[in-house]
Structure formats: structure tokens, C-alpha cells
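Structure at a glance
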Amino acid sequence: MPALDAVACTGPWRHRHPGEKAALAFGLLCCAVALPPWPGALVVGAVAAALLLGPAGLGVLRLLRAARGPLTFVVVGALPLLFSVGGPALVRVDPAGVGAALALTGRATAAVLCLLLFAATTPLADTLPRLARLGVPPAVVDVAGLVYRMLFLLLDRIAAVRAAQAGRLGFRDLRTAFRSVAGQAGAVFVSAFDRARRMEQGLALRGEPGALRVQLPAQRLSRRFLAATAVLLAAVVTLSLAFA
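Quantities reported herein were computed from a predicted structural model and do not represent experimental measurements.

Here we look at the environment of Leu104
With respect to the helices, strands and loops of the structure, Leu104 is situated in helix 5 (residues 96-119). Classification of Leu104 by relative accessible area gives partly exposed; the value is 37%. Measuring from C-alpha to C-alpha, the distance between Leu104 and Gly77 comes to 8.7 Å, with 27 residues separating the pair along the chain. Not counting residues up to four positions away in its chain, the partners in contact with Leu104 are Gly77, Ala78 and Leu81.

Here's what the structure looks like:
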């Protein structure tokens with residue numbers, strides 16, 4: 001997550017209006033959901049991956065690190081479709097489930113790449129203030145910002161505790177590693193609880209949610225970018241339906 005956020009803050013599309021990137025990423029996401037899984041998911045996934053590796057400047061290694069977690073859940077969710085329960089055998093492989101599992105995996109993988117396209121090009125600091133302008137309740141925006149900050153604080157705390165344990169040879173064997181991981185979980189939980197309490201007090205002292213205003217840089221929607229997005233989405237839909 002920190003690496004993805006760093007890319008979003010320093011990438012080539014950092015100064016583009018978030019609406020442009022949302023139109024591109026979520027337009028491709030709608031195509032991944034609405035179009036036939038084959039070849040729709042393949043086309044959408046290829047386009048999203050090409051944009052991530054090309055204009056977005058994410059890089060292959062960072063793309064793999066960012067996608068491995070969501071794709072693990074995709075694979076785990078698709079595996080039960082390969083089996084059926086009942087009949088002479090309690091659990092058996094269902095040949096009809098192969099197609100459903102592949103379709104689910106294709107759609108979900110394409111959708112993950114589309115979401116990564118938006119996350120890797122748009123920092124949350126640019127998104128949250130605009131959500132308030134679109135009518136999202138200020139309290140929801142404030143809580144989302146605090147949760148996002150809390151995630152980075154927890155990651156820093158985990159890294160510090162792990163470095164301290166490694167310096168005391170806390171991972172020299174399996175037994176000590178298990179004990180160190182348990183201690184790490186306890187220390188991080190206590191720290192997270194304390195930080196959450198202090199954040200809650202700070203939020204209460206601020207008074208009305210949304211009272212803290214953030215000045216956003218002046219940005220305009222690029223008609224050329226939006227037109228190119230419309231042409232790309234039309235090409236994806238045409239290509240997917242032509243070979244369906």
C-alpha cells in the first residue's frame with residue numbers, strides 16, 4: 001500500500017483531474033462486469049495492464065506486489081466452483097464448474113486491474129475532498145481519511161516492532177518466531193487501540209465533521225483525455241462483442 005500510494009503521488013498522471021482517471025478506470029470496470037467474460041475480461045484486463053505499465057508508470061514488480069493479495073482472494077473464491085456436493089460421492093469435481101470458475105476469475109482479475117489503475121494514479125488526498133463536494137456526508141469523508149492514515153501508522157508500527165525483534169534474534173528458529181509474532185500482534189493491537197482513542201478525541205474536539213477545509217489545486221477536465229477515453233471504451237466494447 002505505501003508503494004502504491006507513493007506511485008500515485010509521484011506518477012505521470014499525478015496532476016490530472018481525478019474525474020478523468022475515474023472515467024477511464026471505472027469505465028473499464030463497467031466493461032469488465034457487463035461484457036461477456038470471454039473475450040471481454042481478457043481485453044479489459046490487457047488494456048488496464050497496458051495502461052498501468054505504460055502511462056501510469058507502475059512497473060511490473062510493483063504491479064505484481066499490488067495485485068497478489070486481491071488475486072489470491074479471487075483464486076480462493078473460484079476454487080469452490082470446481083466442486084459439487086451431493087450424489088454417491090460427497091464431494092466431486094464438477095466439469096460444468098470449470099467454465100464458471102474461469103469466467104469468475106477472468107472478470108475479477110480484470111476488475112482488480114481496473115481498480116489498481118485508479119488507485120495507482122489518484123492519491124486519496126485528491127479523492128476525499130471531492131467526494132464531499134459530490135454529496136458524500138462529511139462525517140463519512142472524515143472517518144475514511146482517519147482510517148487511511150491509521151493504516152499507514154499501523155504499518156510503520158509493525159515495521160518498527162519487527163525490526164526490534166529481529167535485532168534481538170527473535171526469528172532465529174520456529175519457536176522464537178512464533179513467540180515474536182504473538183508479541184508483535186499484542187504490541188500492535190495495544191498501539192492501535194491507543195491511537196484510535198486519541199484520534200477519536202481529536203475528531204470530537206474539532207466539532208462539526210467536515211469543518212476542516214482542504215484547499216485543492218486548480219484542475220480542469222481535459223476534453224482531449226475524455227475523448228480518448230470514450231474512443232478506447234468504444235473500441236473495447238466493439239472488440240469484445242465482435243469476438244464473443
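Here the narrative resumes, following the displayed structure.
Overview of the nonpolar core
Taken as a class, soluble globular proteins show a tendency for nonpolar side chains to be buried jointly. Residues Leu28, Val44, Leu52, Leu117 and Val236 are the most contacted members of the largest nonpolar core, which totals 35 residues. Secondary-structure elements contributing two or more residues to this core are helix 1 (2-10), helix 2 (18-34), helix 3 (37-53), helix 4 (60-78), helix 5 and helix 9 (223-242). The contacts of Val44, once residues within four sequence positions are left out, are Leu28, Cys31, Ala32, Ala110, Cys114 and Val236.

Examining unusual backbone geometry
That bond from Trp38 to Pro39 is cis: its omega, 5°, falls within 30 degrees of zero. When you line up the elements, Pro39 lands in helix 3. One non-glycine residue, Leu169, lies in the positive phi region at around 60°. With respect to the secondary-structure elements, Leu169 resides in the loop between helix 7 (138-167) and helix 8 (174-205). For Leu169, a relative accessible area of 53% gives the class exposed.

Describing the pattern of salt bridges
Under the defined criterion, the tally for this structure stands at 4 salt bridges. A salt bridge links Arg14 to Asp126; the shortest N-O distance between them is 2.7 Å. One end of the pair, Arg14, is in the loop between helix 1 and helix 2; the other, Asp126, is in helix 6 (residues 124-133), and 112 residues separate them in sequence. Of the charged contacts, one joins Glu20 and Arg16 as a salt bridge, the two residues approaching to 3.1 Å between their closest N and O atoms. The exposure class assigned to Glu20 is buried, which follows from its relative accessible area of 1%. Relative accessible area serves as the criterion here: at 30%, Arg16 is assigned to the partly exposed category.

Overview of helix 7
Along an α-helix, residues three or four apart share an orientation, since each turn contains 3.6 residues. The end-to-end C-alpha separation of helix 7 is 44 Å, in line with the 44 Å expected for 30 residues at 1.5 Å each. Within helix 7, burial applies to Val141, Asp142, Met150, Phe152, Leu153, Val161 and Gln165.

Observations regarding the packing of aromatic side chains
Two aromatic rings, taken as a pair, are described by how far apart their centres are and by the angle between their planes. A complete count under the given rule lists 4 aromatic pairs for this structure. Taking 5.2 Å as the distance between ring centres and 50° as the angle between the ring planes, the aromatic pair formed by Phe26 and Phe118 counts as tilted. One end of the pair, Phe26, is in helix 2; the other, Phe118, is in helix 5, and 92 residues separate them in sequence. Owing to a relative accessible area of 34%, Phe26 belongs among the partly exposed residues under this scheme.

Conventions we followed
Residues numbered from 1 in each chain as written. Predicted model: local features only at pLDDT ≥ 70, side-chain atom pairs only at ≥ 80, totals over all residues. Heavy atoms only, no water. Helix = DSSP H or I, 4+ residues; strand = E, 2+ residues; numbered from the N terminus. Buried < 20%, exposed > 50% of the residue type's maximum accessible area, 1.4 Å probe, protein only. Contact = heavy atoms within 4.5 Å. Core = buried A, V, L, I, M, F, W, Y, C linked by side-chain atoms within 4.5 Å. Salt bridge = Lys/Arg side-chain N within 4 Å of Asp/Glu carboxyl O. Expected span 1.5 Å × (residues − 1). Phe/Tyr/Trp six-rings, centres within 6.5 Å; stacked < 30°, edge-to-face > 60°.

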